[in-house]
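Listed below, chain by chain, are the residues.
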Amino acid sequence: MSHRLIRRIAGLALTAVLVAGFGAAQPASAQAPAAEPAQPAPASGALNQEIETIIVTSRFREESIQDVPLAVTQFGEEAIEALAPTTLRDFDGLTPNMFIGMNTAGPGASAIYIRGLGYADIEKTQTPNVGVVLDGVFIPSSTGQLIDTFDIESLEINRGPQAILWGRNTSGGTIVVRRGRPDLESFGGKVYTSYGDYNGEGDGGAFKLQGVANIPIVSQKLGLRVGYTFKDEQGYSINELTGENRGAVSYEAVNAKLLWKPTEELSFLVNWDWIEDRSDIPPQDPLFDGPDPFVNRSDRDPKELAPYNVSVLSLEANYELPFGATLTSISAYWNSTDLVYQDFDGGFSNPADATQNDPNSVFSRLHTRREQYYDVFSQELRLVGSLFDDSVSYVGGFYYAHDDHDHTQRTEQQLQVDFAGVYALFGIPLGTPCNLVVGPAGFPFDGPSQPGRQWCAGTGAAGNPAAEAFSSQETHLTNDSWALFGSVEWELPWIEGLRVNGGLRYINETKEFRTRFDAIANNTLVDSVLGANILTLSKTEDSWDDIVGEAGVNYQAMENLLVYYRFAQGYRSGGFSLRGSQPSPTVSDPRSWSLTFDPEDTNSHEIGVKTTWLDGRLTANFASFLNQVDGSQGSSIISGITPVGTNTLVLNGGRTEIYGVEVESSLELFEGLLVDFTLGWQHGELKNSVQSSHNLAAPAPASNTLCNLVSGLPLAAQNESSCPTVSFHNNAVGRTPELTWSVGASYRIGVGPGEIVLGSRVRHNDFFWISPPSIPDGATAATNTPVGQSGYTLVDANLGYEFKFGAGERSARVGFVGRNLSDERYKEQALPLGEFGFQGWGPPRYVGGEFSLEL
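Residues numbered from 1 in each chain as written. Predicted model: local features only at pLDDT ≥ 70, side-chain atom pairs only at ≥ 80, totals over all residues. Heavy atoms only, no water.

A word on the sheet that holds strand 19 (residues 295–296)
As summarised here, the arrangement of the 3 strands in space is 15-14-19, forming an open sheet in which the pairing is mixed. The sheet is open, and its two borders are formed by strand 15 (245–246) and strand 19, each paired with just one other strand. With 2 bridges connecting them, strand 14 (residues 237–239) and strand 19 associate as parallel partners. When the sheet's bridge partners are listed, I238 is paired in strand 19 with V295. (Pairing = 2+ DSSP bridges. Helix = DSSP H or I, 4+ residues; strand = E, 2+ residues; numbered from the N terminus.)

Quick notes on the packing of aromatic side chains
Here the structure, examined in full by the defined rule, presents 19 aromatic pairs. Judged by centre distance (5.2 Å) and plane angle (70°), the rings of F75 and F91 are edge-to-face. Of the two residues, F75 sits in strand 3 (residues 72–76) while F91 sits in the loop between helix 2 (77–83) and strand 4 (98–102), which places them 16 residues apart along the sequence. Ring geometry for F344 and F838: centres 5.7 Å apart, planes at 35°, overall tilted. In this pair, F344 sits in the loop between strand 21 (326–343) and strand 22 (363–387) while F838 sits in strand 49 (residues 836–841), placing the two residues 494 residues apart along the sequence. F838 gets classed as buried once you look at its relative accessible area, which sits at 0%. Connected via pairs of aromatic rings, a cluster forms that spans Y198, Y236, F294 and Y846. (Phe/Tyr/Trp six-rings, centres within 6.5 Å; stacked < 30°, edge-to-face > 60°. Buried < 20%, exposed > 50% of the residue type's maximum accessible area, 1.4 Å probe, protein only.)

Notes on a nonpolar patch on the surface
On the surface, a cluster of nonpolar side chains totalling about 540 Å² of accessible area is made up of I217, V218, L258, V270, W272, L313 and L315. Of all the secondary structure elements, the ones that give two or more residues to the nonpolar patch are strand 12 (205–218), strand 17 (266–277) and strand 20 (308–320). Inspection of the secondary structure puts L258 in strand 16 (residues 249–260). According to the relative accessible area criterion, L258 is partly exposed, its value standing at 34%. (Patch = residues over 30% accessible without salt bridge, like charges linked within 9 Å, V, L, I, M, F, W, Y side chains within 5 Å. Areas by Shrake-Rupley, 256 points an atom, 1.4 Å probe, with all protein chains shown as cover. Salt bridge = Lys/Arg side-chain N within 4 Å of Asp/Glu carboxyl O.)

Describing the environment of T536
You can see T536 is positioned in strand 27 (residues 532–558). Remark: the alpha-carbon pair of T536 and D518, spanning 18 residues in sequence, is separated by 8.7 Å. Discounting residues that sit within four places of it in the chain, T536 has contacts with T515 and R516. (Contact = heavy atoms within 4.5 Å.)

Focus: the sheet that holds strand 10 (residues 173–179)
Reading across the sheet, the 5 strands line up as 3-9-10-7-8 and stay open at both edges, with mixed pairing between neighbours. Each edge of the open sheet carries a strand with a single partner, namely strand 3 and strand 8 (137–138). Where strand 7 (residues 130–134) meets strand 8, 2 bridges bridge the pair, whose relative direction is antiparallel. Within strand 8, the residue paired with L134 across the bridge is V137.

Let's talk about the side chain of R505
Positionally, R505 belongs in strand 26 (residues 498–520). Here R505 occupies a buried position and makes no salt bridge, while the nearest side chain of opposite charge, E380, is found at 6.1 Å. Within polar-contact distance, the side chain of R505 engages the backbone oxygen of I164 at 2.8 Å. (Lys, Arg positive; Asp, Glu negative; His and termini not counted. Polar contact = N/O pair within 3.5 Å; in protein donor to acceptor, adjacent residues only side chain to side chain.)

Regarding unusual backbone geometry
Residues D301 and P302 are joined by a peptide bond in cis, for which omega reads 5°. Looking at the secondary structure, you find P302 in the loop between strand 19 and strand 20. A positive phi is found at Q220, a non-glycine position, where the angle reads about 65°. Within the secondary structure, Q220 sits in the loop between strand 12 and strand 13 (222–233). On the basis of relative accessibility, which here comes to 49%, the residue Q220 falls in the partly exposed class.

Topic: the nonpolar core
Residues F75, L88, F91, L155, I175 and W334 are the most contacted members of the largest nonpolar core, which totals 31 residues. Look past the residues within four positions of L88 in its chain and what remains in contact with it is I100, V132, Q145, L146, I147, T149, L155 and I175. F138, V395, F576 and L651 belong to the second largest nonpolar core, which has 28 residues in total. (Core = buried A, V, L, I, M, F, W, Y, C linked by side-chain atoms within 4.5 Å.)

So, the pattern of salt bridges
This structure, assessed with the given rule, holds 45 salt bridges. Put simply, R181 and E316 hold a salt bridge, and the shortest N to O gap is 4.0 Å. Placement of the pair is R181 in the loop between strand 10 and strand 11 (188–198) and E316 in strand 20, with a sequence separation of 135 residues. Taking relative accessible area as the criterion, E316 reaches 16% and is therefore assigned buried. Residue R382 is joined to E380 by a salt bridge in which the shortest nitrogen-to-oxygen separation is 3.2 Å. The pair formed by R382 and E380 is uniform in burial state, with each residue classed as buried. One continuous salt-bridge network, built from bridges that share partners, spans E78, R748, E755, E802, R813 and E850.

See below:
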């Protein structure tokens, strides 16, 4: 019997014993349901709730959501249960101007954007613009951000920069997730299971089993909460070459919390998470054959897997000081490994016979094997309190994090390059053998072709077009980040209801980077020193620091009307291009070569109005914002004539401006019936950016083509004239749909011993660019291959019946959930590499049943 099967059986048995056994073993008086969550359940924009005061902790103190002078949305426990989400990805479209999509090349990897600011790459060298905070611990990279959503008591989405108080360097916003804590008085537990089907090309079956048990060990002093999750999905994509499912999910996780409260003032919470994920990467569809949702042509062997192991251990200590303040310490250690097998060309190739290759794919073969080890230790100290009869509130603290990252990538490639533009530039007739132009590494391609194209396949010795090229890159990065922060709000005594606030954060980051890039004999784990070294950078170190601020004023004009203005800054430090295989010239001096990129700075202005009407039955909140980003960081993947493998660089743009408006409203029409509405409108543009043509992806203007031709030469042979600069202005911003809206309704009605719960939601995204066009000043054609997504509307619904039994001390729920009922086909992600690459599609229609039992 395999170790994996033993662990699975043990996990399921643990859940059953803890929930059923412990619950049944207690006397009736001890079987009260687990304590209600500290945060009220409902949230603006959420399904299945009642209008009541919503409490949030956006500023580390409990406040009504209508009193917080910033744009925040909260989802409570009931709302989350009605949505039946699988991961954070299922909250996409439920908050104005927020996009939550997936990313490939990493397990659980996200592409989360708020107000046009986000991170859609996979590398751990950049902090995501939107931070995800789980039980007080900042998830350090985009990998793993799409967390599972079981046992969540509240989820808060804070829009706009949160760099002063939360985690590190969040320019777009934060998603703060709080899971259940141990109850020191009552035994309790919950079991949840569901089974459904996705309407894709694969089998699409999806099964989930989750359980949590609460065990008070010493009354009022010591308690344990243990949860287990098992997910098994067959995948809703299919590989048309093999007939096998793609996108399968095989996931197990354990969460354990131990709470010790030796005194009323002091508490310690130990939190441990363990995840073993053996899922496929999100299924990919090759770009070159047009839109073909949920059909995969990968010839990767082994298939596109993403094994992922995570262990997170944290200790949170809280001490209520005598003068009314709370001192909090959160220590955390994150350890993860991930191994990703990827087919970046998206198509089929035959290394032994190039005539069988997919004719429209620039790379007939581009396969990678990425292995990463990632350790992060973080420590936060925070003091929260108030003075002068609560007229002054303050937060102050210290944050430190140390990242240790090892990255190894093996790449296998076989070129199939269209040289028509290059030949035309130099007046070379089509049909001229490639090796007469680019040396003995090129060959004429005699297989299928298109009129007016000159295909060249292979990179091996002359006369062997089947030869492939292999490379190895080994990179190590350490990052020491620390910050001091503080924030104060003062209610002015001479004007009732008028409050002013301000805060500062000093940030300092030091990164040490080294990388080695080699051509090797094959794609196995061989010693790279046996190959031909192309690039070696040893112990390159740099530091960045900055002070960011926040200031605002808010006025409670009436009991039901709050008006506020907020200015906030965000910051992302500089760093090193992890996948850079060839250094780049800087704009200021094209003859200087570096893999370093500079910091990104954000200034944000927000004006908002929060109102409450009809004795609390109607809330209507409005906000407008302007984000100004200087030095915006973005990836450029160069698939032209570079050393073996692609060259991925992080570049700094000029100024990016994004502005918009937001509306959130909810209304209880009558008892049991609640409707809500959200709307977001935004517009973003890259105002100016000057780049070296060496750093731009093909296809490109003639100057860039020339530059990429010579970029394969030794650095000493390149000069300023070979890499002219290119200026961009008024270019679009990715993953920023101009208009988004959602309308939802929920209704509860008593039937028999319980209640029927009905819910529905319609959510809409207008057109947006996934990979926006990069159009130089004065040009009409883009220097890249843009990918957009037309507008789409998703329809979701839920139907459930909830009832109590066992003298009202136990409850059960049975129901059905439908997501994307209209079966819209829409893209969430794409990676164009010249004329090849792939795209990733959002989930198709899902319909499933669910059952939960709470003891």
